[in-house]
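Observations on the three-dimensional arrangement
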Amino acid sequence: MCRHLALSSWCREGAVDEQESHGDVEHLIATFAARLDAADVSFGHGTDNANDEAWRLVTGALRGRPLTPILKRELEGLLERRIDERIPVPYLTGEAWFGDLRLGIAAGVMIPRSPIAEVVAQRVRPWLTVEPKRILDLCCGSGCIGIAAAHVFSKATVDLVDDDPVAIAAVEANVRNADRAVATRMEVVASNLFENLLGRRYDLVLCNPPYVPTAELASVPEEFRHEPRHGLDGGVDGLAVWRRIIARVGEHLASNGVLVGEVGNLGPAFDETFPDLGAVWVDLEQAEPQAGGGFGVFVAFADGFGAAGIALT
C-alpha cells in the first residue's frame, strides 16, 4: 500500500513537472518571438513570422527533451546567432520541414521552401492524367521535393539529381532516414542536369533550379547569403539554368509527361523567353503570391517541347 501511495505521489509530481516544463517552453517561445520581432530579422526559410520562427528554433533544438537550465542557455546562444549573424533557423537546428516531412539540413545545402510542395500534395491535378511510374527531381538540393513525391506517389520510382557534392551527401542522408518503403524507390544521381541520365524518361519532372538574377543577389536579406550562391544564382536574367533545362527536358519526358517548375517572380520573362512552351501558371492556396502577382510555379507538357526540345533563345 505504501508503495502504491508513493508511486501515485511520484506520478502526480511528474505530471506537475511536465506541465511546468511545457509552460516554460511556451514562455520561452513567446519571449524569443518578441526578441525576433524587435530585431527585425528576415524570414522566408520555412516560416514567415516571428512566432513560427521561435517555435521552430526552440522545438527543433529541444527535439522532445525537457527544458533544463543548460538547454535554455544553449537556446539563448542559438537565438543570439539567429539575430546577430542572421543565420537561418534550419542551419542552427540541423532540421527543416517541408510539408509534413522533417529533413536534415547542413550548411551549404539549400533550405526547403518550394511552393511546388503544394502541387505535389495535390497529385499534380488536373494536369497529370496518369499515375507516374518514374519521377525526376532535378536540381534536388536536400531532396525535399522528390522525397515528398515518393510519399504521394507510392508506386513510382524517383531519381534525385544534383551536381553539388554537398547536396548529394545531404539527400543521400535524407533518403537513408526515410521510411524504407519510400527509400527503396529512390535513387540519388550526381549529374550536371541531364548529363548522367542518358536514356531515362519520366512521367513527371519536378524542378526548382537557381533563378535569382545575379544583380539581385547583392540586395537579398543577409539570411539568404548563408545559402550556397550557386543554388540561387540564375545568371544575368535569372533564366540561364532554365534555358539549359528547357533545351533538353523534352528528351527525358514520356509522351504524356509533365514538367512542374518554379521561377519566382520571373513568370512574364519566362513566357517571353519560351513563348511556344505553353506554360500553365498554377494558382496556389497556401503559398504567398510573388511580387507582381502569381505564385511562380508552372506546368508544361511533353508535346510543348517538340521531338528535339525547344531551342535556346
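Of the consecutive residues Arg 125 and Pro 126, the connecting peptide bond is found in the cis state with omega at 5°. In this model, Arg 63 sits at a positive phi of 50°, which is unusual for a non-glycine residue. Within the element layout of this structure, Arg 63 appears in the loop between helix H2 (50-62) and helix H3 (69-84). By relative accessible area, which is 46% here, Arg 63 ends up partly exposed.

This next bit is on the pairing of strand S3 (residues 134-138). Successive side chains on a regular strand alternate, one facing one side of the sheet and the next facing the other. With respect to burial, S3 is a largely interior element, four of its five residues being buried. Where S3 meets strand S4 (residues 157-162), five bridges bridge the pair, whose relative direction is parallel. Counted as the bridge partner of Leu 136 is Asp 159 from S4. As a crossover connection, the stretch from S3 through helix H6 (residues 144-152) into S4 is right-handed. As defined by bridge partners, S3 adjoins strand S6 (residues 202-207) across four bridges and the pair is classed as parallel.

Working definition: the strands of a sheet are paired by backbone hydrogen bonds and lie parallel or antiparallel to each other. Spatial strand order, S5-S4-S3-S6-S7-S9-S8: seven strands in an open sheet with mixed pairing. Strands with a single pairing partner mark the edges of an open sheet, and in this sheet they are strand S5 (186-190) and strand S8 (280-281). Note: S8 against strand S9 (residues 297-301), two bridges, orientation antiparallel. Counted as the bridge partner of Trp 281 is Phe 298 from S9. Packed onto the sheet, H6 meets S3, S4, S5 and S6 and runs at close to 180° relative to S4.

We now examine the packing of aromatic side chains. Tallying each qualifying case throughout the model produces six aromatic pairs. Taking the centre distance of 4.6 Å and the plane angle of 35° together, the rings of Phe 270 and Phe 298 count as tilted. With a gap of 28 residues between them, Phe 270 in helix H10 (residues 267-273) and Phe 298 in strand S9 connect regions that are remote in the sequence. Judged on exposure class, the residue Phe 270 and its partner Phe 298 are both buried. Through successive ring pairs, a cluster of aromatic residues spans Trp 242, Phe 270, Phe 274, Trp 281 and Phe 298.

Take the side chain of Asp 137 next. Here Asp 137 is to be found in strand S3. No salt bridge is formed by the buried Asp 137. Its closest oppositely charged neighbour is Arg 185, at 13 Å. Only 2.8 Å separates the side chain of Asp 137 from the backbone nitrogen of Gly 146, close enough to count as a polar contact. The contacts of Asp 137, once residues within four sequence positions are left out, are Gly 143, Ile 145, Gly 146, Asp 159, Leu 160, Val 161 and Leu 206.

Turning our attention to H3. For H3, with 16 residues, the first-to-last C-alpha span of 22 Å sits near the 22 Å given by 1.5 Å per residue. Those residues of H3 not exposed but buried are Leu 71, Leu 75, Leu 78, Leu 79, Arg 82 and Ile 83. Down the axis of H3, the sector holding all buried residues measures 135°, keeping them to one side. Every exposed residue of H3 that faces more than 90 degrees away from the buried side is listed here: Pro 69, Ile 70, Arg 73 and Asp 84. After H3 finishes, the residue Arg 86 shows a positive phi value of roughly 60°.

With that settled, consider the pattern of salt bridges. Inspection of every chain in the model, using the stated rule, returns 15 salt bridges. The shortest N-O distance in the salt bridge between Arg 82 and Glu 223 comes to 3.0 Å. Of the two residues, Arg 82 is situated in helix H3 and Glu 223 in the loop between S6 and helix H9 (240-249); the sequence distance between them amounts to 141 residues. For Glu 223, a relative accessible area of 1% translates into the label buried.

Reading the values: the criteria
Residues numbered from 1 in each chain as written. Predicted model: local features only at pLDDT ≥ 70, side-chain atom pairs only at ≥ 80, totals over all residues. Heavy atoms only, no water. Helix = DSSP H or I, 4+ residues; strand = E, 2+ residues; numbered from the N terminus. Buried < 20%, exposed > 50% of the residue type's maximum accessible area, 1.4 Å probe, protein only. Pairing = 2+ DSSP bridges. Right-handed = clockwise from strand over helix to strand, strands pointing away. Contact = heavy atoms within 4.5 Å. Axes fitted to C-alpha atoms, helices over the stretch in contact; angles between N-to-C directions. Phe/Tyr/Trp six-rings, centres within 6.5 Å; stacked < 30°, edge-to-face > 60°. Lys, Arg positive; Asp, Glu negative; His and termini not counted. Salt bridge = Lys/Arg side-chain N within 4 Å of Asp/Glu carboxyl O. Polar contact = N/O pair within 3.5 Å; in protein donor to acceptor, adjacent residues only side chain to side chain. Expected span 1.5 Å × (residues − 1). Arc of directions from axis to C-beta.

It is worth stressing that arrangement in space is one thing and function is another; only the former is reported here.
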